[in-house]
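Architecture at a glance
Next come the chains, spelled out residue by residue.
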Amino acid sequence: IIAITLKNSIPAKTSGKAWLIFYKSVFLTTLTFACKTWSNITKNTIDKINSTQSNYFKTTLKLPKSTPNTGLLILTGNIPAINYIHLIQLNYIHKSWNNNELIKRILNKQSLEHNEINFYSHVHSLFLHYNIEVCMHDLDVFTRGEWKKLVKTRVKSVKLYNLRMVLGSTKHTKKSFF
């Protein structure tokens, strides 16, 4: 629905590059609104987010519905929307940890609540998923720029690994996808 609405609101002769700019500035921003604090993201929600992203590209770029989602990501140079959400969340936790004592106290309290589904456990699972070998208590060691670079590198490496697995590639270079 979002993709069709956006498609109808933009002139038909819009270039592919313009669609990508629109995707990043409007569509992705709308799709990920307030995602900084989402903590209980289910597989069903992830599937819906990724499906919405795929449908956007297929509709706006006039591609067949049978176009594989992995191919769409490679073609457009994007990461799955869920990885983008994780990128936002990981950057948000660094900013919050370093600028807000209340957030620190809440996260410290949540860290003691074992086997609970809360924001701390979600962030901890993201650290594990993206191989970020940092204790949350050490986040203030990183400058914002250092943290953003680390997180972006880790999210990208997991994305490339996942694409290699889907495509059955054994090469470890970006060139192996094209």
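Scroll up to find the structure this text is about.
The present account deals with the structure reproduced in this document. (Residues numbered from 1 in each chain as written. Predicted model: local features only at pLDDT ≥ 70, side-chain atom pairs only at ≥ 80, totals over all residues. Heavy atoms only, no water.)

Observations regarding the nonpolar core
- Grouped together as the largest cluster of nonpolar side chains are 21 residues, with contacts concentrated most on Ile 132, Met 136 and Leu 139.
- Of all the secondary structure elements, the ones that give two or more residues to this core are α5 (81-99), α7 (119-129) and α8 (144-167).
- Among all residues touching Met 136, those that are not within four sequence positions of it are Ile 93, Trp 97, Leu 107, Tyr 120, Val 123 and Phe 127.
- Leu 28, Cys 35, Ile 49 and Ile 88 belong to the second largest nonpolar core, which has 16 residues in total. (Core = buried A, V, L, I, M, F, W, Y, C linked by side-chain atoms within 4.5 Å. Buried < 20%, exposed > 50% of the residue type's maximum accessible area, 1.4 Å probe, protein only. Helix = DSSP H or I, 4+ residues; strand = E, 2+ residues; numbered from the N terminus. Contact = heavy atoms within 4.5 Å.)

So, unusual backbone geometry
- Backbone geometry places Ala 34, a non-glycine residue, at a positive phi of 65 degrees.
- The class for Ala 34 is partly exposed, based on a relative accessible area of 44%.
- Look at Asn 131: it is not a glycine, yet its phi comes out positive at around 55 degrees.
- Within the fold, Asn 131 resides in the loop between α7 and α8.
- Exposure remark for Asn 131: the relative accessible area of 47% places this residue in the partly exposed category.

Topic: the layout of surface pockets
- The computed volume of the second largest pocket comes to approximately 320 Å³.
- Forming the walls of the second largest pocket are 13 residues, and the residues nearest its centre are Gly 77, Asn 78, Ile 79, Tyr 84 and Leu 87.
- Contributing elements (two or more residues each) for the lining of the second largest pocket: α2 (16-31), α5 and α8.
- Top contributing element to the lining of the second largest pocket by residue count: α8, with four residues.
- Here the residues of the lining of the second largest pocket are counted per class, giving six nonpolar, three polar and four charged. (1 Å grid on protein atoms, 1.4 Å probe; cavity = no way out; pocket = protein on both sides within 12 Å on 5 of 7 lines; lining within 4 Å. Points joined across faces, edges and corners; volume = space filled by probe spheres on them. Nonpolar A, V, L, I, M, F, W, Y, C, P; charged D, E, K, R; others polar.)

Thoughts on helix α4 (residues 69-76)
- Within α4 the residues assigned to the buried category are Thr 70, Leu 72, Leu 73, Ile 74 and Thr 76.
- Once α4 finishes, Gly 77 follows within two positions and takes phi at roughly 75 degrees, a positive value.

Describing the environment of Tyr 92
- One can find Tyr 92 in helix α5.
- Tyr 92 sits 57 residues away from Cys 35 along the chain, and the two C-alpha atoms are 9.8 Å apart.

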